[in-house]
Structures are given as structure tokens and as C-alpha cells.
Amino acid sequence: MSNEANIHGHAEVITHHEVHHDEHHVHHHKETFITKYIFSQDHKTIGKQFLITGIIWAIIGGLFSVLFRLQLGFPEQTFPILETFFGKWAKGGVIQPEFYYALVTIHGTVLVFFVLTAGLSGTFANLLIPLQIGARDMASPFLNMLSYWFFFIASVIMFASLFVHTGPASGGWTVYPPLSALHQAGDGSKIGMDLWLVSMAMFIVSSLLGGLNYIATILNMRTKGMSMTRMPLTMWAILFTAILGVLSFPVLLSGAILLLFDRNLGTSFYLSDIYIAGQILPNEGGSAILFQHLFWFLGHPEVYIILLPAMGMVSEILSVNSRKPIFGYMAMVGSLFAIAILAFLVWAHHMFVTGLNPFLGAFFVLLTLLIAVPSAIKVFNWITTLWRGNIRFTPATLFAIGFVSLFISGGLTGLFLGNSTIDIHLHDTKFVVAHFHIVMGVASMFGMFAGIYHWFPKMFGRFLNHTLGYIHFWVTIIGAYLIFWPMHYEGLAGVPRRYLDLRDWHAFNKFDDLNKMITVVSIIVFAMQLMFVFNFFYSIFKGRKVRTSNPWGSNTLEWTTPINPGHGNWPGEIPEVHRWAYDYGKDGREFIPQTEPVGPNETKEH
Amino acid sequence: MTTTFIILILLLGFLITFQIAKASEYVSVMRGEEKSRKQNNRINAFLLLTFLVLGLIGVYYCNERLGGKILQFGSSASNHGIDVDNMMYITLVITAIVFFITQIALFWFAYKYQESDKRKAYYYPHNNKLEVIWTAIPAIVLTVMVGFGLYYWFRITGEAPKDAMVVEVTGSQFKWEFRYPGKDKVLGKKFYKAIDEGANNPLGQLWDDPANHDDIYVTGEDMHLVVNKPVKLVINAKDVIHDVGLSHFRLKMDAVPGTPTTMWFTPIKTTAQMKKENNDPDFVYELSCDQMCGQGHFKMRGTIVVESQEEFDLWMAKQKPKYYLAFPDKDPNAPKTDTTTTKIAAIMPQ
């Protein structure tokens, strides 16, 4: 069987083996509009629900960043249009401090949790797990559905908090008490903060339901022959992501609930010795720092919850489009594992300047910098995957390459911040903002975009418009670097983050031009993302149709399903797997799908 | 007007781009998808290389433009700051090397190994030797960085010298208050429930403690420090978490309500010296709040003067302990008549 299939060639490789299966039927029961599109238990539909909700939140969160960038770039200017829309929050067309802080807080919360956690792993875990391991659906489709709807409830509550009289939470996305615990501390610490906490609690429930399901499905429902080491790296990444989430989100939940108690029931978990707004509070014996420990015990794994799925997808996409196996599969799995373990042991590097015991701090420095080792392995392996490949630059490939570039840039600045000596100086400056936006924010968005461009054909049976995809990529990567690269210099000048106006400061007030430039670029980049969203929705209905079931010439199982798979994924039996997912370019063949048995004369090694 | 204009332009750009994109899709169908796909491949490969070159030029240009505006490495105004600067320098050199090697390799390989009919991808699933090399090298380099880092870290966070002067810094929404221990060199005890701003006791000093009687309280003006004399800051917050950020000294420490923290350093340059060094007659050491503390966070500014011992003593001599303001009758220097006049003045509307 010659398999010189180019990407638009035929690759019908569904081979029917005599595999024993449980009595899984393709679901033939009647589906109404509601069961098919709203309360659907089909993992593919749930994935799309996560994605579209995530996109809506990304637009809101992105818009907020444009608004506060207006203030940062043009602090002396008035924008009457803002008063038209936001009333007292932008009195006289000037963004008020309370409004500014609400914007940054919601921007951070929404992007970190709703977009890059739910929108990213919610989408791709749901979509890909059953398709790539060869299962008809998740272990529990019902829990899976609940996972989305808890996210939906969280979204509704968070959205509602934007409209309360005193505004949404505005103490930063990290909501450190006592600022977030005391009503007297500011408008953003009133009802908006309670709604924030309740919304987060719902979100955590959603994330746990989803995570448990992902783990159960990956461990138990792999098709025949799909041993763990034959899984695509996306699966490994999602498995580790889910484990991280299941072990760390409950800690945030407890932190949030204790904070709710402190706010409303008079407890003193985080409060002690407080004199605020002319009032002496009775609370004694609590510790404000305790919350930071609880928060960052989730908060740090959280950045890997965001990053790992992106890493997994990038590995897969780079390999498919280089027409080469991923270099060092076991090292890739091992480094994911190392990152997942270390993710739990570094949380206090966010707290070097809280008065943390310096001796304890030393361990966190060591463990933090250690993460650079598995990260370096991954980077070198991605680069080696490209080496001597035959690379096809689909928009997904470009975004994957962009991810690697951003991950390098942002990862290296992590070596500054993870070192407590330097962190004393750079902590909470713009340097931190630049660092985490590049390495976790933009890089993960790139991973997400790569995933969307790559699996859109599987989701909707159509392609996204590639020309727009290319423009999207180039504007976004150039914009991202223009925005965040020079921002490091602001941090090196000591400019603190969350300062909306630098004009009163002698040392910091010298970046007028830079801030204007960053604002203008961020508006352009935001407009470009809107164009991507347009492309997304337009292509769902009008995009170029996918005509072959395996448009990228990929080995993995999702491309053995029909172009528009129904609930149950495979019309016949679930295919059996005979090899790992990365036999690209082996023995002179462009690709060998996982379903193809190992031939008698095949090279042994993988 | 301008806003509408900008929105219109954006919309127009939007439409045009979309039309072009749509048209290109049709063209590609007509020309043969395979052919146009290959053309796109070449264009994007070329763009990746261009991006690399322009990006590297951009990195250089950015440094030219902004490099002069940062706090220069080695220019720190404190002893600990010099350590921080050294560590930054070491880290910068190492990360810069890695940055250039990996970014250049990434984009160069992407360009060089773009799809070509002449080439077949090289089946290269793993090489344990390579893996070991690029696990070991980063590990060794990181050990060096951790080693230096911890050496400096313990120097910076170690015990303050015995002869260090002590200044207490208290943050609250949105101001800084300073307290000096006075002649006895001991800060008097305080308790937050004793805070009474009306009775001249903004910090909650316990007047039973005689150590409080000579403590000097200052707010709304400079914090005074002595050059080349170690200073230990005792840091408190009254309401929410603040942070004492001293960018010129390269230091930072949170102010946490209920949990006092400390930080020590030796200022090595007076304000006058910094004015001369930076060629800036308006230079002033600034104390910024670096932990989000509410809507006035970005304005929570304090200033610091570093001066000679003589200047400091002169200034200190002019200060009056808060105790005497709270209990004017206890003030040995205040003549009785004076207090009565002030009292009358306070009662009489002017």
C-alpha cells in the first residue's frame, strides 16, 4: 500500500479489525435541538460550548485590556465616548481609578480562568480525549455536561458582577485580603467581591468535574492497543493538566470559602490588627499571608494548567506538519511529568517579599529554577523536531512555532524572577507583567489558536480561512512582541504594576512614548482578534468544506472518524491501535496511521 | 468625532482584509489548491526568516532607545542593590546567550526545512545522547545561578548589623508614616487598638511604655537616612497589605497588617550625590507602594533623603516626640504659657 498521500490526498484508513468491544451502539435515540446543542452530552458539542463561551469571555477580557491601556497610554487625554458607555466610572471621559482596577482585575480573572483554563483545556480536553484515545465519549458524559453548565453559571455570576452598583471585584486577580476582605477598603471590596468568590467557587466545581472525567477517561477508556506510551502528547499533556487541576483547585476553593467567611460571618482567618477608615476592627490572630499560600498553591499549578495543554497541542502540530516524529517522545512525557510535579513545589516564589522565612525561600528558588530544566528539554526537542523536517506552514504550524518562540522569551525572564535576589527588585513591577503575559498569556493563546486552526476541520467539517489565519498570526506575533518586549524595560526602571498614572513619579515618569505605542499596538492586535472571531463564526457556516477525512495527513485516531462524526464518533467499531502516534517519514512513507498494523519488514526502532 | 472616524477606519480595514482573504480562497481553488498552498508555504517561510532578522534588529533598537532609561546595573544606591545588580547581570548574560541560540535555531530551521518536493523528512525519533546533553547543560548552568542567587539572598536577608539605625515604616491607605526610636534607640510598644488619630496617636503607641516617650513620628515628609550607615526598616501596615518599594536601592518588602516585617540595607549614596551622578537636580529617592492596596495605590508615594550624619542630626534635633504632642504638659521644653495659648487658639474661632 503506497501512502504517498499529500495533505489533500486520500487517506481513508479505517480498517475494520475484529476487536472486541463493549456493546456500544452509535446513539440512535432521538435528538431534539435542546439535547443536541444545549444540554448535550456529546463531548464534541461540549467542547464547542466551552470554546464559544471562552471566545465570548476573551472578547470581554481583551476589550477591558484595551480600555485600561487607553488610560496607560494617554493619561492626560479624555475620551468622552467612555463616559457615554460607562457613566460615573469614566467621569468626564477619564477612567476613574476604581474603574481601572476593576478592569485589570476582571481582565486577569477572565483571561486566566475563563479563557485559558475553561476555554483552552475545556475545549480541547473534551474534543480530543475520546477522539484521540479511541472512545465513544467521556467516562461520564453527564458529569461532562454538568462541568460545562457549572462554568456557565460561574460565567453568569461573574458577568452579573460587572453591573452591580459598586462595581466588580477590583483588588487584582489575586484578590489578596485584607483588601478583598474588608468592605471599607474600597468599592471593589463590596458586593462585587462576594460575587467574584461565588463565581470562582462555581468555576472550581466545573473544573473538578471536568478534570476527574478527563483522568478517568484517559486511564480507562483507551481503545485496544492504545497503551499509554502510544498516546499522542496532547493526551499526556491533558492528563497532567487534569491531575494538576484536581489536586490544586480544591485548595483555592477552601481559600475562597474562608475569605467569604471573613467577609460575611465575622471570622478572622486572614484578618488581624486592622485599623481601617477610622475604625478599629475586633479581628485578631488571623494571617493575611495564609491566603497567599492557599491562593498560590493553586495559582502556580494554574499557570501550568494553562500552559501544558498548549504544549501538548504544539508538540502534536509541529510533528504532524514537519512530517517528522516528535523528537524524544519519552523525554517529552518525562518533562511534562517533571513540570507537573515541580508545579506543586514552587508556589512561594510569588511570595519572596512577603516576609517569608529566607531559609524557606532558598528551597523555592532552587525548585523554581529547576523547572527550567524540563522546559529547556521541551524547547530543544521542539527545535529538533523542526530540524530536517519538511515543514508545511499551515496557520496552526505558524502559531505553534510562535508558541515556542514566546515560550523561550518568557521562560528566560522567569529565570530573573524565580531568583529571589532579583525578585526583591523586580517583584510586582512591569517586568513581571511582561514576563507572564509572554510566557503564559500570549504563548498559551498561541497554543489555543494553533489548536483551533488545526482541529477546526474536525469540529465543524470546514476549514478556517487560511489567508485570514496568516494575517492573524503575523499581526498577533509582531504585536505581542511590540507590546511586551519593551515593557521589560519599564520593569527594569522599577515601574510598579497596577499604576494607572505615572505622572506624579520622578523615577517612573519617562515612558510616555512607549506607553502610547503599546496602547496603539494593543488596539490593533485586539481588532485582529475580532477578525479571527469573525473568521471563526463565518467559517462554521461558510468555510471551505473538508473533503477528505484526514486533511493534514495525520496519524492520530480523530482523523479516522467520518468528516462530521456523530455522537459515538465511529459509525462502525472503534479502530484498534498498532503503533505510536508519530510514525511520520518512516521507511520512506510520509505517514503511517496508528491503526495500521506493523508490517513484517518495518524498521523496529521508535 | 475622531473616535467615530477611527472606528470607521477600523471597520473599513476589517472589510477590505476580509474581502481579500475571501478572494484569495477563490483564487486558490481556481489555480489549484496544491499550487497555492505551496506558494503560501514559501511566503510564510520567508516571512519567518524576515521576522527573525527584523526581530533581532528590533531587540537591538529597543535596547538603544530604552536602555538608558532603566536603572543601570551597578548604579544601585545601596550595598544590597549592588548584589542584586550583579545577579541581574549574571542572569542577563546567560539568558541572552540561550535566547539568541534558541530563537535563531527555531526560525532558521523553520525557514531552511520548509516543504520541498526534493526533500523527505528525516525520521529521527530520539537520541538519548542529545537528550542527556541538553538536560545536563541547563542543570549545570542553573546550579551556578542558584548558587550565586542564594549567596546574595542570604547576604541580603541576613541579620542586620547591631549598630544599624532603626526606622519604622507604616503603610495605610494611602500614605506612609515613619517612626524613629529617639535617643534610647528602642521603638516603644504599640497596639492597634490604641490608635486614636484625634488624640495625637496615629500609630497606637502605648504611652505606658517609656520607650515611646522619645519616639519621633513623621508623616507627609521625607524619610531621613544616613549615608553609609546600615538601616533596618521595621515595616507595618494598618489596614491592607502594602509594600515598601525602593527601586533605587533595589529592595522591596511587604507591609502586612498584623505581621511586622523587616528589611535592612546600607545606603551608599546621598541624595546630593545621586543628583550629581544622574545629572538631575530634581532627583529624589522615591518609596513606592508595590502591592495593590486600593484605588489610591498608584499615588501612594513617599520620599527619602539620604544625607550625612551631621545633616541628619541637625534634622533630628528639630523633631518633637509625638508623646509631647499627645501630652503637652509633659513637654519639658514647652513653657506653660505656650500651651495655654495654643489651647485658647484651638478653642477660639479665628
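Bear in mind the structure is a predicted one, so any value in this text is a computation, not a measurement.

Peer 1: Explanation requested: the overall build of chain B in the structure shown.
Peer 2: Of the regular secondary structure elements, chain B holds eight helices and ten strands. Compactness check: chain B gives a C-alpha radius of gyration of 31 Å against a globular reference of 20 Å for 350 residues, more than 25% above the reference. Overall size of chain B, expressed as C-alpha extent along the three principal axes, is 105 × 60 × 40 Å. The burial tally for chain B puts 47% of its 350 residues in the buried class. Residue pairs at least 24 apart in sequence account for 68% of intrachain contacts in chain B once pairs closer than 6 positions are excluded. Summed over its atoms, the accessible surface of chain B is roughly 17800 Å², and 64% of this surface lies on carbon and sulfur atoms. If you average the places of the 38 positive and of the 37 negative side-chain charges in chain B, the two averages end up 9 Å apart.

Peer 1: Got a minute to help me understand helix H5 (residues 141–161) of chain A in this structure?
Peer 2: Owing to its 3.6 residues per turn, the α-helix aligns residues three or four sequence positions apart on the same side. With 21 residues, H5(A) ought to run about 30 Å at 1.5 Å a step, and its terminal C-alpha atoms sit 31 Å apart, in line with that. In the core, the buried residues of H5(A) are packed alongside helix H1 (33–38), helix H2 (43–73), helix H4 (97–133) and helix H6 (191–220) of chain A.

Peer 1: Would you explain the sheet that holds strand E8 (residues 261–265) of chain B in this entry?
Peer 2: Pairing between the strands of a sheet comes from backbone hydrogen bonds, and it takes one of two forms, parallel or antiparallel. All names here are of chain B. One open sheet accounts for five strands, arranged E3-E2-E1-E5-E8; its pairing is mixed. At either end of the open sheet lies a strand with only one pairing partner, and these are strand E3 (216–219) and E8. Taken pair by pair, the neighbouring strands of this sheet meet at an average axis angle of 25°, ignoring direction. Relative to strand E5 (residues 231–237), strand E1 (residues 165–172) runs parallel, the two being bridged by seven bridges. Each bridged residue has a counterpart across the sheet, and for methionine 165 the counterpart in E5 is valine 231. On the sheet, helix H6 (residues 309–318) packs against E1, strand E2 (175–180) and E3 and is oriented at approximately 95° with respect to E2.

Peer 1: Where do I start with the nonpolar core in this structure?
Peer 2: Side chains of nonpolar character tend, in soluble globular proteins, to be buried together. Core analysis: the largest hydrophobic core is formed by 288 residues, its most contacted members being Phe113(A), Trp382(A), Phe403(A), Phe536(A), Tyr180(B), Met223(B) and Leu233(B). With residues up to four places along the chain from it excluded, the contact list for Phe403(A) reads Leu307(A), Ala310(A), Met311(A), Val314(A), Trp382(A), Ala443(A), Ser444(A), Phe446(A) and Gly447(A). In terms of nonpolar packing, the next biggest core, distinct from the first, is built from five residues, Leu468(A), Met531(A), Phe18(B) and Ala21(B) among them.

Peer 1: Could you clarify how one ought to interpret the environment of Leu120(A) in this entry?
Peer 2: Locating Leu120(A) in the fold gives a position in helix H4. Placed 151 residues apart in sequence, Leu120(A) and Leu271(A) show a C-alpha to C-alpha distance of 36 Å.

Peer 1: Help me out: how do you make sense of the packing of H6(A) against helix H7 (residues 233–264) of chain A in this one?
Peer 2: Axes are the key here: two packed helices are described by the angle between their axes and the distance separating the axes. Residues and elements named next belong to chain A. It is at 8 Å that the axes of H6 and H7 come closest, and there the two elements cross at 155°. Here H6 lies roughly antiparallel to H7, going by the angle between them. Both H6 and H7 take part in a crossing whose hand is left-handed. Residue composition of the contact of H6 with H7, by class: 26 nonpolar, four polar and two charged.

Peer 1: What is the right way to look at the layout of surface pockets in this model?
Peer 2: Over the atoms, a rolling probe the size of a water molecule traces out where space has been left empty. Taken as a whole, the largest pocket holds about 1200 Å³ of empty space. Along the wall of the largest pocket there are 50 residues; nearest its centre are Gly410(A), Gly411(A), Gly414(A), Leu415(A) and His435(A). Broken down by secondary-structure element, the contributors of at least two residues to the lining of the largest pocket are helix H8 (288–322), helix H10 (358–370), helix H11 (372–386), helix H12 (395–417) and helix H14 (430–460) of chain A together with helix H3 (79–112) and helix H4 (128–157) of chain B. Here the element with the most residues in the lining of the largest pocket is H12(A); it accounts for eight residues. The computed volume of the second largest pocket comes to approximately 990 Å³. What lines the second largest pocket is a set of 26 residues, among which Val66(A), Thr3(B), Ile6(B), Ile7(B) and Leu10(B) lie closest to the centre. Listing elements by their share of the lining of the second largest pocket, those giving two or more residues are H2, helix H3 (80–86) and helix H17 (512–542) of chain A together with helix H1 (2–31) of chain B. Broken down by class, the residue content of the lining of the second largest pocket amounts to 22 nonpolar, four polar and no charged.

Peer 1: What should I look at first to understand the domain arrangement of chain B in this one?
Peer 2: Accessible area lost during the coming together of the parts is what is often quoted as the interface size. Residue and element names in this part refer to chain B. You can read the domains of chain B as domain 1 (33–114 + 127–157) and domain 2 (165–328). The centre of domain 1, based on its C-alpha atoms, is set 39 Å off from the matching centre of domain 2. At the junction of the two partners, domain 1 supplies 14 residues and domain 2 supplies 14 residues. Of the roughly 1100 Å² buried at the junction of domain 1 and domain 2 (both faces included), carbon and sulfur atoms supply 57%. Contact with domain 2 buries area across many residues of domain 1, yet Leu71, Ala77 and Asn79 alone supply 46% of it, more than any other trio. Inspection of the domain 1/domain 2 interface yields one salt bridge. Here arginine 250 and aspartate 85 are joined by a salt bridge, their closest N and O atoms 2.7 Å apart.

Peer 1: Quick question: what am I supposed to make of the interface of chain A and chain B here?
Peer 2: Taken together, the contact between chain A and chain B spans 132 residues of the former and 116 residues of the latter. When the two sides are added together, the surface that chain A and chain B hide from each other amounts to roughly 11100 Å², 69% of it contributed by carbon and sulfur. Sorting the residues of chain A by area buried against chain B places Tyr275(A), Ile424(A) and His506(A) first, and these three jointly supply 7% of that buried surface. For the interface between chain A and chain B, the tally reads two salt bridges. Across the contact surface, chain A and chain B share 40 residue pairs in polar contact (both at pLDDT 80 or more). The greatest single-element share of the side of chain A that touches chain B, amounting to ten residues, is contributed by H11(A).

Peer 1: Explanation requested: the sheet that holds strand E4 (residues 223–226) of chain B in the structure shown.
Peer 2: Residue and element names in this part refer to chain B. Read from one edge to the other, the open sheet built from five strands follows the order E4-E10-E9-E6-E7, with strand pairing classed as mixed. With partners counted over all chains shown, the strands left at the sheet margins are E4 and strand E7 (251–255), one partner each. Averaged over all adjacent pairs, the angle separating strand axes in this sheet is 25°, with direction ignored. By the bridge criterion, four bridges tie E4 to strand E10 (residues 301–307) in an arrangement that is parallel. Paired with leucine 225 across the two strands is valine 306, which belongs to E10. Each of E4 and E10 touches H6; the most contacted strand, E4, lies at about 145° to it.

Cut-offs applied
- Residues numbered from 1 in each chain as written.
- Chains lettered and ligands numbered in written order.
- Predicted model: local features only at pLDDT ≥ 70, side-chain atom pairs only at ≥ 80, totals over all residues.
- Heavy atoms only, no water.
- Helix = DSSP H or I, 4+ residues; strand = E, 2+ residues; numbered from the N terminus.
- Rg over C-alpha atoms; globule rule 2.2 N^0.38 Å.
- Buried < 20%, exposed > 50% of the residue type's maximum accessible area, 1.4 Å probe, protein only.
- Contact = heavy atoms within 4.5 Å.
- Areas by Shrake-Rupley, 256 points an atom, 1.4 Å probe, with all protein chains shown as cover.
- Lys, Arg positive; Asp, Glu negative; His and termini not counted.
- Charge placed at Lys NZ, Arg CZ, Asp CG, Glu CD.
- Expected span 1.5 Å × (residues − 1).
- Pairing = 2+ DSSP bridges.
- Axes fitted to C-alpha atoms, helices over the stretch in contact; angles between N-to-C directions.
- Core = buried A, V, L, I, M, F, W, Y, C linked by side-chain atoms within 4.5 Å.
- Parallel < 35°, antiparallel > 145°, perpendicular 65-115°, else oblique.
- Left-handed = near helix turned anticlockwise from the far one by under 90°.
- Nonpolar A, V, L, I, M, F, W, Y, C, P; charged D, E, K, R; others polar.
- 1 Å grid on protein atoms, 1.4 Å probe; cavity = no way out; pocket = protein on both sides within 12 Å on 5 of 7 lines; lining within 4 Å.
- Points joined across faces, edges and corners; volume = space filled by probe spheres on them.
- Domains from an automatic or database assignment.
- Buried area = accessible area lost by both parts, 1.4 Å probe.
- Salt bridge = Lys/Arg side-chain N within 4 Å of Asp/Glu carboxyl O.
- Polar contact = N/O pair within 3.5 Å; in protein donor to acceptor, adjacent residues only side chain to side chain.

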